[in-house]
Amino acid sequence: MGKLTFSMGGVHPHDSKYARECAIEELPLPQTVYVSMAQHLGAPAKPLVAVGDSVKVGQVIAEPGGFISAFVHSPVSGTVKAIAPRKDLAGNFVTHVEIAVEGDEWDPAIDRSKDLVTAIPDDKAAILDKIKAAGVVGLGGATFPAHVKLNPAPGKVAECLILNGAECEPFLTSDYRIMIERPKEIVVGAAIMQKVLGGCRCVIGIEENKPEAIAAMTDAVRELGYANMEVQVLKKRYPQGGEKQLIDAVMRRQVKSGGLPIDVGAVVQNVATSLAVYEAVQKNKPLITNVLTITGDQIPGNLQHNYLFRIGMPLSWIVEQAGGVPETAAKLISGGPMMGKAISNLDAATVKGSSSVLYLSEGMTRRKPATSCIRCGKCADACPMGLEPFLLNRLYKAADLEGLEANAAQDCIECGCCLYSCPAYIPLLDNIRQAKGQVMGVIRARAAAAKAAAEAAKAATNK
Amino acid sequence: MTLTFIWTVAILTVLGLVLALILFWVARKFKVEEDPRIDEVEKVMPGANCGGCGFAGCRAFADAAVKATNLDNQYCPVGGDEVMQKVASILGFTVAAKAPQVAVVRCNGTCSARPRINEYDGVQSCRVKAALYSGDTGCAFGCLGCGDCVAACQFGALSMDPETGLPVVDETKCTACGACTKACPKHIIELRAKGPRGMRMYVSCVNKDKGPVAKKACASACIGCGLCAKTCTHDAITVVDNVAYIDFTKCKLCRECEAVCPTGAIHGVNFPKELDKEAVKKRIADRKAKAAEAAKAAEATEEKKEVANG
Amino acid sequence: MDKKYIVSPSPHIHADVSTTKIMRDVIIALCPAILVSILAYGWAELLVLLVSVASCVLLEWAVTRWMLKRPSTVGDLSAVVTGLLLAMNLPSSIPLWIVFIGAVVCICVAKLPFGGIGQNVFNPAITGRVFLLVSFPAQMTDWTPTAGFLSIPDAVSGATPLGVLKETLKSGGTISQFMETNGYTWSSFFFDLGASAGELSAGALLLGFIYLLIRRVVKPWIPVSILGTMAIIAAIFSGINPDAYTGVAFNLLTGGALLGALFMATDYVTSPMSTLGGIIYGIGIGVIVMMIRYFGSYPEGMSFAILLMNCTVPLLNMWFHQKKYGRA
């Protein structure tokens, strides 16, 4: 197939992959790590250890706090010093397990060798259990527990597993590096997920600006010879890596508003998640490491890195190891420049989903003052969900919740294309994000009321 | 020429009359029958349609009032007791007088007292800023300074003070409708009793962090030391979650709490005389000394009694 | 952390676009046509252009700063564009005080009272032009060309080709007669004369439009649907009766057809947001222009057509929305 892409909207920021040549380096161990209990979507994990306990690398330290939740494991060996609230990167208090690092003793069950294990277990339930027990969550940014996504509800069939190797956010290169350095592991991970989903087709989507990754993954797929798996080149366009956009590009299907990808037979996982699945199932290694990129504009080459970090390492410590915050940095971001979170507390600990520390200079990031909307429609042209941000902005200002719902504010994926392309520098996404929250609140309340009414009716008829 | 003139006048007059008759008939046929008292009540309402009563405008309030059996659950904060009396007299109900209230901004984290630790560059909206992170100062509870409260006020009673970075309430314009309290994402603004001749006390802080953390972030923070609660002889102050709160229904405006507060977090407004902290502290010390003496004397008589009985 | 880092919601980067840059592109696109008109009509034309632009800019600055007490918005160059478009619709011999009145109407009636840029319903330049046409019909229809820097072949005095045509047809003449008597050949319409600056050179206008297409500043379906509709209607009517109805090329190249279709109907603020809405808008303009040209008493209909369709734009925006993801 030629190069595929999604059917509406999208913008073309400069890809700025300055850290692409930086091989993944392993960081030394700090003196203390702080493992957050809220590293995934859904309910926070519940600590299973107590202050004073000794832990080994890979030992379970917290269990899921609900159906949508995940196990958390210790990334280091040492002693639990405290289980207390600590500020995350937005300055909000979250429970962290503080562990004083002593040595680097791993759980003996973990296979630390570099040998590739290609034989995939037959038992689907056992695989899912292993993925769950390893605390694997989606590493594409959303951190949705993988064992839930890979276990579709009864009646839903997975037709295509899409592996997201797009890495469409500018600056980030961690997915690119793991595709070049560990392609076979990623492919085995994909095969494992195919098995769990019942043997569906697997498409590994990679953007065209990563030819080396395309070559490495294509070779790995061919050499390992798993059935029904292929690499698909995607056009370089933001937000190509968005779940809904990938499904549109690869399967030519669109997920309905309020629906899930599995409704159209799709399961989307990041290539890093696939690597984590491989390590969990084939190596018994829980999710305690990930790769993050230290990069930015106007920073010298020696300050660019791709690091293999352990969860719980403070960002400030990693930044120090990387050579400190550059002079030109005016804003620090965790994630990409389009959807990442600005860091207001550099002492915050890294989590499973940490993907980068991005330094942006003043000229690149300082917002210009907003002027009047000139009704040019560039925001609507750019929206990958086909929404009309100029209209949603106006409706939000008028507090018109009905209008916002009718114009699909709840479908916004918060990609930032609208604000990025507005010539009047209007803070579109800032407002639409609030509008989306308000409309989703209304929808949830309505659903809850309908459910309660249905149950009351049922109880009445049962009497 | 004259004929044209006459015809024109005649036709237009007849047309006008016919159309007027049609309009009259339509108005009669499609008229909605309403209790005439709704109109009467609406006439005495302030007409601000601010929603402070909880209804969608003054007419909706009037409608609900006419249909209700009493006025216990309805109150117009803008019109106050005056309007409620009028409404009561129209409908034959009785209403109790309610103390007038005013919006109070319970934060004194001025730009000088509470230094910024980062620079916020998003849209100037408190709601967005609060949803994003804990704020651009060390206090995660304090005023964010973007003016959502000012925008929410329909009476022009709120304005941002550019020097302090905090909102200021104009008591003469505030109608206690509650719009600003709903707009503030940090729940800093509260409707409190206006007080006799406008005098009132309040703790100007909602910071729930422990004392040292709060003090580090803001020089005027309440550190939850509890001195005020211990000093208050009217049981009006409670300290919960490291922050003090004055119950305005119990406060007697003695200002002793304001005198003992180590950070100046407690404010007294509209008092005719400036607070003489030393004098008040002395008064408190004297009272404590007298109480100690009385306790000793009581102990001594108790001992004597025991000795006598034993 | 002594340095205060910036914190904001995402996204943290921005495309290199701005309202000023867009307006600058429009000004550049108008330059070929402006150049041709100055060469053709000389100092008088230059003066009209300067007075128009200066008046629009000054008025916007004065009203926003003194009356509205807000920061001035002239930096976004939209007043300059309005001034240029207004001047390109006026004869070069027009008295300058009339130009100023036109600017007053453009800025102080059609633009600022609605709320300034982005809020106006009617195209300001066209509103000004129509006001002047109705208020000063004599001066607005005196197309005596002023002395230019280049000699113009076949100089015609008095009225535009469309004006002369209307008169000819009214007095019972045919189109072929009109073409012969007035010495027009089809090629002369690429460099038309006895016309306003905007009507002078179709070639120059098209050049500017291509620049706008390359810079992605213009929505091409609007001019295509306007000119397409005009072409279809002209083809049908002139096919039936070529002596009474002018043909496709004549209609597309004369009058304000090109200037209106390429530069005025495509104004962001007063045109529909969606593609389908824009196409309907264009068809509407095309129909109204041809009806006025064929059956109305005014020789030129583009300005009225655009203003009339401007009225329908809020409705078109309400009815026609962009296709959303996941909704059939």
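All values reported here derive from a predicted model rather than from experimental measurement.

Conventions adopted
- Residues numbered from 1 in each chain as written.
- Chains lettered and ligands numbered in written order.
- Predicted model: local features only at pLDDT ≥ 70, side-chain atom pairs only at ≥ 80, totals over all residues.
- Helix = DSSP H or I, 4+ residues; strand = E, 2+ residues; numbered from the N terminus.
- Contact = placed C-beta atoms within 7 Å.
- Buried ≥ 20, exposed ≤ 12 C-beta atoms within 10 Å, placed from the backbone.
- Nonpolar A, V, L, I, M, F, W, Y, C, P; charged D, E, K, R; others polar.
- Domains from an automatic or database assignment.
- Pairing = 2+ DSSP bridges.
- Core = buried A, V, L, I, M, F, W, Y, C linked by C-beta atoms within 7 Å.
- Axes fitted to C-alpha atoms, helices over the stretch in contact; angles between N-to-C directions.
- Parallel < 35°, antiparallel > 145°, perpendicular 65-115°, else oblique.
- Left-handed = near helix turned anticlockwise from the far one by under 90°.

Undergrad: Would you mind showing me how to read the overall build of chain C here?
TA: What chain C contains, in helices and strands, is 14 helices and 1 strand. Here the contacts in chain C between residues at least 6 apart in sequence split such that 75% fall between residues at least 24 apart.

Undergrad: Hey, could you run me through unusual backbone geometry in this one?
TA: Phi is mostly negative for residues that are not glycine, and the peptide bonds are mostly trans. The omega angle of the peptide bond from Tyr238 of chain A to Pro239 of chain A is 0°, so this bond is cis rather than trans. Following Ser10 of chain C, the chain continues to Pro11 of chain C via a peptide bond in cis, the omega torsion being -5°. Among the structural elements, Pro11 of chain C can be located in the loop between strand 1 (6–7) and helix 1 (19–67). If you check the backbone angles, Ala408 of chain A has positive phi at about 65° while not being a glycine. With 22 C-beta atoms packed within 10 Å, Ala408 of chain A lands in the buried category.

Undergrad: I tried to follow the interface of chain C and chain A on my own but got confused; where do I start?
TA: Accessible area lost upon the coming together of the parts is a frequently used measure of interface size. Facing the 30 residues of chain C at the interface are 47 residues of chain A. For the side of chain C that touches chain A, the secondary structure elements donating two or more residues are strand 1 and helix 1 of chain C. Across the side of chain C that touches chain A, the residue classes break down as 15 nonpolar, 11 polar and 4 charged.

Undergrad: Would you explain helix 3 (residues 174–181) of chain A in this entry?
TA: Since there are 3.6 residues in each turn of an α-helix, residues three or four apart along the chain are aligned in direction. Burial analysis of helix 3 of chain A places 6 of its 8 residues in the buried class, the great majority of the element. Of the residues making up helix 3 of chain A, those classed as buried are Ser174, Asp175, Tyr176, Arg177, Ile178 and Met179 of chain A.

Undergrad: What should I look at first to understand the domain arrangement of chain A in this one?
TA: All names here are of chain A. Taken domain by domain, chain A comprises domain 1 (1–26 + 112–366) and domain 2 (378–462). Put simply, the middle of domain 1 and the middle of domain 2, counted by C-alpha atoms, are 28 Å apart. Taken together, the 14 residues of domain 1 in the interface contact 16 residues of domain 2. Per-class residue counts for the side of domain 1 that touches domain 2 are 8 nonpolar, 5 polar and 1 charged.

Undergrad: When you look at the domain arrangement of chain C in this model, what are you seeing that I'm missing?
TA: Residue and element names in this part refer to chain C. Along its sequence, chain C is organised into domain 1 (19–140) and domain 2 (161–193 + 219–319). Counting from both sides, the interface comprises 15 residues of domain 1 and, opposite them, 12 residues of domain 2. No other element matches the 5 residues that helix 4 (residues 124–135) contributes to the side of domain 1 that touches domain 2. Counted by class, the side of domain 1 that touches domain 2 contains 9 nonpolar, 5 polar and 1 charged residues.

Undergrad: Would you mind going over the pairing of strand 17 (residues 356–361) of chain A with me for this structure?
TA: Residues and elements named next belong to chain A. Here strand 17 lies mainly inside the structure; 5 of its 6 residues are buried. The pairing of strand 13 (residues 289–296) with strand 17 spans 4 bridges and is classified as parallel. For Thr293, the partnering residue across the bridge sits in strand 17 and is Ser356. Pairing geometry for strand 15 (residues 329–334) and strand 17, over 4 bridges, is antiparallel. Bridge pairing links Leu332 to Tyr359 in strand 17.

Undergrad: Would you mind showing me how to read helix 11 (residues 389–397) of chain A here?
TA: Residue and element names in this part refer to chain A. Taking burial as the measure, the 9 residues of helix 11 include 7 buried ones, the bulk of the element. Residues of helix 11 that are buried include every one of Pro389, Phe390, Leu391, Leu392, Asn393, Leu395 and Tyr396, and no others. Contacts made by the buried residues of helix 11 are with helix 10 (378–382), helix 12 (401–406), helix 13 (417–421) and helix 14 (428–462). Ala399 sits one or two positions beyond helix 11 and adopts a positive phi of about 55°.

Undergrad: It is not clear to me how the nonpolar core should be interpreted in this structure. Could you clarify?
TA: Counting residues in each nonpolar core, the largest one holds 155 residues, and the members touching the most others are Leu161, Ile162, Ala190, Met217 and Val277 of chain A. If near-sequence neighbours (up to four positions away) are discounted, Ala190 of chain A is found in contact with Leu161, Leu163, Cys202, Ile204, Met229 and Ser274 of chain A.

Undergrad: Would you explain the packing of helix 1 of chain C against helix 2 (residues 78–87) of chain C in this entry?
TA: Any two packed helices are characterised by how steeply their axes cross, that is the angle between the axes, and by the distance between the axes. All names here are of chain C. Packing of helix 1 against helix 2 brings their axes to within 5 Å, and their N-to-C directions diverge by 135°. Overall, the two elements helix 1 and helix 2 adopt an arrangement that is oblique. For the pair helix 1 and helix 2, the crossing hand works out as right-handed. By residue class, the composition of the contact of helix 1 with helix 2 is 16 nonpolar, 5 polar and 1 charged.

Undergrad: Please clarify how the sheet that holds strand 14 (residues 305–310) of chain A should be interpreted in this entry.
TA: Strand pairing in a sheet takes place through backbone hydrogen bonds and is either antiparallel or parallel in direction. Residue and element names in this part refer to chain A. Taking strand neighbours across the sheet as the criterion, the 6 strands line up as 1-14-13-17-15-16 in an open arrangement whose pairing is mixed. Either end of the sheet is taken by a strand with one partner, and the two such strands are strand 1 (24–26) and strand 16 (341–342). Where helix 3 meets the sheet, its contacts fall on strand 1, strand 13, strand 14 and strand 17, and the angle it forms with strand 13 comes to roughly 125°.

Undergrad: Would you mind going over the sheet that holds strand 10 (residues 201–207) of chain A with me for this structure?
TA: Residue and element names in this part refer to chain A. Across the sheet, which stays open at both edges, the 4 strands sit in the order 11-10-9-12 with parallel pairing between neighbours. Two strands lie at the open edges of the sheet, namely strand 11 (229–234) and strand 12 (266–270), each paired on one side alone. Pairs of neighbouring strands in the sheet enclose a mean axial angle of 25°, with direction left out of account. Of the pairings in the sheet, the one linking strand 10 to strand 11 comprises 6 bridges and is parallel in character.

Undergrad: What am I meant to see in the environment of Leu227 of chain C here?
TA: All names here are of chain C. Within the fold, Leu227 resides in helix 10 (residues 221–240). Sequence spacing of Leu227 and Phe304 is 77 residues, and the spatial spacing of their C-alpha atoms is 16 Å. Once you skip the residues sitting within four places of it in the chain, Leu227 turns out to touch Leu252 and Ala261.

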